[in-house]
Amino acid sequence: AWRKETLIGHSYESPKKYDGKRYGGYYTQDEVKEVVQYAAERYITVVPEIELPGHASAAIAAYPTLGVTGKPIDVVTSWGIFPNIFNIEDSTFLFLEDVLTEVMDLFPSEYIHVGGDEAIKEQWEASPRIQQQIRQLGLKNEHELQSYFIKRIEKFINSKGRKLIGWDEILEGGLAPNAAVMSWRGTAGGEAAAKAGHYVVMSPTSHLYFDYYQGNPGNEPLAIGGYTPLQKVYSYEPTPESLTEEEAKYILGAQANVWTEYIKTPEHVEYMVFPRISALAEVVWSPREKRNWDWFKSKLPELLERYKLRGINYSNSVYKIAFKSVLDSVNGTLKVVMGNELGTGEIRYTLDGSNPTKNSSLYKDGIHLRETSTIKTQVFEGDMPLGNIEEQRFIVHKAYGKEPQFTHPYTIHHFPTHGLTLTDGMLGSKLTLFSDLWQRFNKVDLEATIDLGKTDTIEMVKARFVSIPHYSIVPPKSLSVQLSLDGKEYTKAGAVTRGVAVEGNSVWEYEVNVKTLPARYVMIKAENVGSVKSEKTGKFKDAVLMTDEIIIE
């Protein structure tokens, strides 16, 4: 129940930093009963979760004999997924049954959650004892062993008159007979469970992880990553269209998740939850045909006032101004388009580096930039500023607004990046790693050809790449440039090679001097390293390239 210190900052940062302070504690039975009663008085059922067979580091740190190796381990001090997993000895099941009995005595909920997610099976794979037991049980592999584990626990829970629920990984190897499923890795697990006649709670990372950022990370409290703005939550539909009317009856509803690794205070929890929880409430408590984003957002200002009167530390990220570069086909240029989720108030902006005031220029329908500029903006309601000042630098260069053609498609990750992502003039940062300013290429090289529209003199080609080894994101081996006048015959114009090892998180800038050559077509190639050794497992994983802009001068 105690760890010697706590991680400072993100788990993927390198080198990691810690606070050096012992942290931990526990709830007494009386305190648990108080929580359950407090919730029940508000018509809320508390569903406890006892994680198994993975995410078991705390239990194994206390009782090493519960683990596969039998060796003592420390209570972990950073966040993530760890290989520690329960063994399948009868003594381990007796321990878990004893724990679950006490839990069920304290929590009268119909469902008992047993986790089942992110169970790394490497220790099972490496253990002669576990492999022998797999053969003795007549199982094919470790996935079926996890299914055996969950089914055995379900039988015990059912014997106490309760029902088991777990994350969608419990589908792997065969689902326990009466289990319900929480689908977090997208919706496929939930669809499969419903089609098989099992009850489902939808909880996908794509829409319902409220520990993700909801505004510009530079203006937000620390979060795990990702991006889930209010409108995205409201757009979610819990019942997949692929289900028949009968199958759809197995969708119990949806759940938002707020994991608190990076959340230290109740006020921070409130900031992550409100007002996103109101969007999810309307989604799950309203018929699909009755939902309307414009109507919902028209009610939001009054709701925020209620939050304020109740002293709730809600997020004002709904006033966050989003920037987009949009191609103006008439003028053949890019214009900067701005807006906020609510669409209320006036957007005021400056181009001279000063902070906007109520008297600054009023944004209307786009800003045409002819030269590199920094835009600062803020929303105003009359004289009152709303939200935070947002700032974005736009680099105007020869490829600005010219859409690249890619040999290998880029990968859609957290954000729907688009064709102009690498020529929209906007640079990303490590803080906004999971934003649409970074374009991602998994395993493949970045090969792009840009038509400048006319022959021009080229002096320099630049590109930036981010390095985050924790996620196998590393800069390329090299960046090369070829030029052409007709788009058919290309001449190599220059290249640079990365000559040093990648360590820690950083942004790498590559510059290729092409010696003032004329060209209309510019072809660049960033060579992916292919694979990179995982910091956690020691195994090799496909390397990822992430870049934010191809600058041609």
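A. Spotlight on the overall build of the protein chain. Helix and strand counts for the protein chain stand at 13 helices and 26 strands. Scaling as 2.2 N^0.38, a compact globule of 553 residues should have a C-alpha radius of gyration of about 24 Å, and the protein chain matches this with 27 Å. When its C-alpha atoms are laid out on the principal axes, the protein chain stretches across 75 × 60 × 55 Å. Counting across all 553 residues of the protein chain, residues that qualify as buried make up 48%. Excluding contacts between residues fewer than 6 apart, the proportion of contacts in the protein chain whose partners are at least 24 apart in sequence is 66%.

B. Representation of the packing of aromatic side chains within the structure. As enumerated under the stated definition, the model contains 18 aromatic pairs in all. Considering the side-chain rings of tyrosine 199 and tyrosine 250, the 5.1 Å spacing of their centres and the 55 degrees angle between planes classify their relative orientation as tilted. Of the two residues, tyrosine 199 is situated in the loop between α7 (188-195) and β9 (200-202) and tyrosine 250 in the loop between α10 (245-248) and β10 (251-254); the sequence distance between them amounts to 51 residues. Judged by relative accessible area, tyrosine 199 falls into the partly exposed class, the value being 37%. Summarising the aromatic geometry, the rings of phenylalanine 465 and tyrosine 510 are spaced 5.3 Å apart at their centres and angled 80 degrees between planes, so their arrangement reads as edge-to-face.

C. Main features of the side chain of threonine 228. By the element assignment, threonine 228 lies in the loop between α8 (205-208) and α9 (230-234). Judged by relative accessible area, threonine 228 falls into the buried class, the value being 0%. With sequence-adjacent residues up to four places away left out, threonine 228 is seen in contact with Thr205, Ser206, His207, Tyr209, Tyr212, Tyr213, Gln214, Val233 and Arg276.

D. Representation of the side chain of glutamate 341 in the model. When you line up the elements, glutamate 341 lands in the loop between β12 (333-339) and β13 (346-350). It turns out glutamate 341 is buried and unbridged, and the closest side chain with the opposite charge, lysine 320, is 7.1 Å from it. For glutamate 341, the side chain forms a polar contact with the main-chain nitrogen of leucine 230, separated by 3.1 Å. A polar atom in the side chain of glutamate 341 sits 2.7 Å from the backbone nitrogen of glutamine 231. Beyond its immediate chain neighbours, meaning those up to four positions away, glutamate 341 contacts Pro229, Leu230, Gln231, Trp293, Lys297, Ser317, Val318 and Lys320.

E. Representation of the pairing of strand β16 (residues 373-381) within the structure. For β16, the buried fraction is high: eight of the nine residues fall into the buried class. One ladder, built from five bridges, connects β13 with β16; its direction is antiparallel. For glutamate 346, the partnering residue across the bridge sits in β16 and is phenylalanine 380. With eight bridges connecting them, β16 and strand β17 (residues 384-394) associate as antiparallel partners. Residue pairing for β17: valine 379 is matched across the bridge by leucine 386. Between β16 and β17, which follow one another and run antiparallel, lie two residues, and glycine 382 among them has a positive phi close to 65 degrees.

F. Just unusual backbone geometry, in detail. Cis rather than trans, the peptide bond between leucine 52 and proline 53 has omega equal to -5 degrees. Mapped onto the secondary structure, proline 53 falls in the loop between β5 (49-52) and α2 (57-62). The amide bond that connects phenylalanine 274 to the next residue, proline 275, takes the cis arrangement and shows omega of 5 degrees. Considering the arrangement of structural elements, one finds proline 275 in the loop between α11 (266-273) and α12 (276-285).

Cut-offs applied
- Numbers given for residues are sequential positions, taken from 1 along each chain in its written order.
- Residue-level local features of this predicted model are given only where pLDDT is at least 70; pairs of side-chain atoms are given and counted only at 80 or more, and the full residue set underlies all totals for whole chains, interfaces and linings.
- In computing side-chain properties, one takes all heavy atoms of the structure into account and sets aside hydrogens as well as water.
- A helix here means a DSSP run of H or I that spans at least four residues, while a strand means a run of E at least two residues long, and both kinds are numbered starting from the N terminus.
- The size measure is the radius of gyration over C-alpha atoms, and the globule rule it meets is 2.2 Å times the number of residues to the 0.38 power.
- Using a 1.4 Å probe on the protein chains alone, a residue whose accessible area is under 20% of its type maximum counts as buried, one over 50% counts as exposed, and one in between counts as partly exposed.
- Any two residues having at least one pair of non-hydrogen atoms within 4.5 Å are treated as being in contact.
- For this analysis, a ring pair means two rings from Phe, Tyr or Trp (six-membered ring only for Trp) whose centres lie within 6.5 Å, classed as stacked if their planes differ by under 30 degrees, edge-to-face if by over 60, and tilted for the remaining angles.
- Lys and Arg are tallied as positive, Asp and Glu as negative. Neither His nor the chain termini are counted.
- Salt bridges are counted wherever a side-chain nitrogen of Lys or Arg sits within 4 Å of a carboxyl oxygen of Asp or Glu.
- As used in this structure description, the phrase polar contact means that two N or O atoms lie within 3.5 Å; if the pair is within protein, one of them must be able to donate a hydrogen and the other to accept it, and residues adjacent in sequence are counted only when both atoms belong to side chains.
- Strands are labelled as partners when DSSP assigns at least two bridges between them.

Honestly, it's all geometry; don't read function into it.
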